[in-house]
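# Observations on the three-dimensional arrangement
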Amino acid sequence: MTETSWRDNLRALPVFTGDLPTFDTDATPASPIALLEEWLSGAISANVAQPHAMTLATAAVDGSPSARTLLLKDITDEGLWFASLDSSPKGRELAANPKAALALYWREQGRQVRVVGSIEKGPREVSEKDFLARKPGARAAAIAGPESEVLSSQQKFLDRVEEAKAILEFRPDFVPDEWTAYLVRPESIEFWQAARERDQVRLRYSRDESGWSKSLLWP
Ligand SMILES: Cc1cc2nc3c(=O)[nH]c(=O)nc-3n(C[C@H](O)[C@H](O)[C@H](O)COP(=O)(O)O)c2cc1C
């Protein structure tokens, strides 16, 4: 058993180590989507682990928040895409309150991207294409049972996955109606870069009727 407290143990952990990229905010493009693509390409080239994993925060109409990790599925001029079941808790929250926040964190580069925006369902064919591109096990798991409901035993889930795999073998084009490609249309995107000596650079793009504007933020 350690004699130091969690507070001391945690304080001793390093946060940013190694070389970090620089962030020249004067050289940034007019569109935050272009900068997001630049940063994501940089994260992929730098072998950042799971650079497409992001936190999605939603809120119920009573204001209760919830957050979970999801995969970024696409970036288009319209915004960022993810996919999920619209029958899940997040899907129900988004139906009632179609606003969300996303956070991507690339620890190896000391970079964070925060997105706030409105949410809409994409065209059906995008959802179908997304589902059919999933590996067979992931497709089976998605249709095995009601996501996030209480499960009586892990064996029950495994049995249902086997049943689902048999259905999918028989109907390889099956896509559940609930599988949904969601578009986050950004209203603001903030780019955050850590630097040596804990200096940080923050740039926020905000959208209004005339387009995107940029502001530096106090770290
Ligand atoms: C790395 C990672 C990637 C994930 N990707 C997805 C995803 O793309 N879509 C999804 O619905 N759930 C994904 N999940 C599972 C979600 O975090 C979550 O458990 C599930 O969607 C239920 O969320 P809800 O109860 O808030 O609706 C992922 C989890 C992890 C850890």
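Residues numbered from 1 in each chain as written. Predicted model: local features only at pLDDT ≥ 70, side-chain atom pairs only at ≥ 80, totals over all residues. Heavy atoms only, no water.

### What about the pattern of salt bridges?
Convention followed: Take a side-chain nitrogen of Lys or Arg and a carboxyl oxygen of Asp or Glu: if they are within 4 Å of each other, that pair is a salt bridge. Strands here mean DSSP runs of E at least two residues long; helices mean DSSP runs of H or I at least four residues long; both are numbered from the N terminus.
Considering all chains together, one arrives at nine salt bridges under this definition. The shortest N-O distance in the salt bridge between R185 and E78 comes to 3.5 Å. Here E78 lies in the loop between β3 (74-76) and β4 (79-85) and R185 lies in strand β7 (residues 179-194), a separation of 107 residues in the sequence. One salt-bridge network, in which partners are shared between bridges, spans E78, E120 and R185.

### Brief notes about the UniProt feature "domain: Pyridoxamine 5'-phosphate oxidase N-terminal" (unreviewed entry) in the protein
Here is the rule: UniProt positions are given in the numbering used here, feature names are shortened, and annotations may be inferred rather than shown by experiment.
Residues annotated in UniProt with the feature "domain: Pyridoxamine 5'-phosphate oxidase N-terminal" (unreviewed entry) correspond here to residues 43-165. With 33% helix and 35% strand, residues 43-165 has end C-alpha atoms that lie 35 Å from one another.

### Here we look at the site of the ligand
Defined as follows: Any residue with at least one heavy atom within 4 Å of a molecule or strand is counted as near it. What qualifies as a polar contact is a pair of N or O atoms within 3.5 Å, subject to a donor-acceptor requirement within protein and to the restriction that residues adjacent in sequence count only when both atoms come from side chains. Areas reported as accessible are Shrake-Rupley estimates using a 1.4 Å probe. Residue values count occlusion only from the protein chains shown. Residue polarity follows a fixed list, in which Ala, Val, Leu, Ile, Met, Phe, Trp, Tyr, Cys and Pro are nonpolar, Asp, Glu, Lys and Arg are charged, and the others, Gly among them, are polar.
The local shell around the ligand consists of R68, T69, L70, L71, A83, S84, S88, P89, K90, E147 and S148. In the environment of the ligand, an oxygen atom lies 2.7 Å from a nitrogen or oxygen atom belonging to the side chain of S84. At 3.4 Å, a side-chain N or O of S88 approaches an oxygen atom of the ligand. Bound to the protein, the ligand loses 68% of the 620 Å² it would expose on its own. Elements with a contribution of two residues or more to the shell around the ligand: β2 (65-71), β4 and α3 (89-96). Taken together, the residues of the shell around the ligand break down into four nonpolar, four polar and three charged.

### Some words on the pairing of β2
To keep things clear, this is the line we draw: Only strands joined by at least two bridges in the DSSP assignment are considered to pair.
Taken together, the seven bridges between strand β1 (residues 53-59) and β2 define a ladder with antiparallel strand orientation. What sits directly across from L56, in β2, is R68. Hairpin connection, β1 to β2: the antiparallel pair is bridged by five residues, and G63 has positive phi, about 95°.

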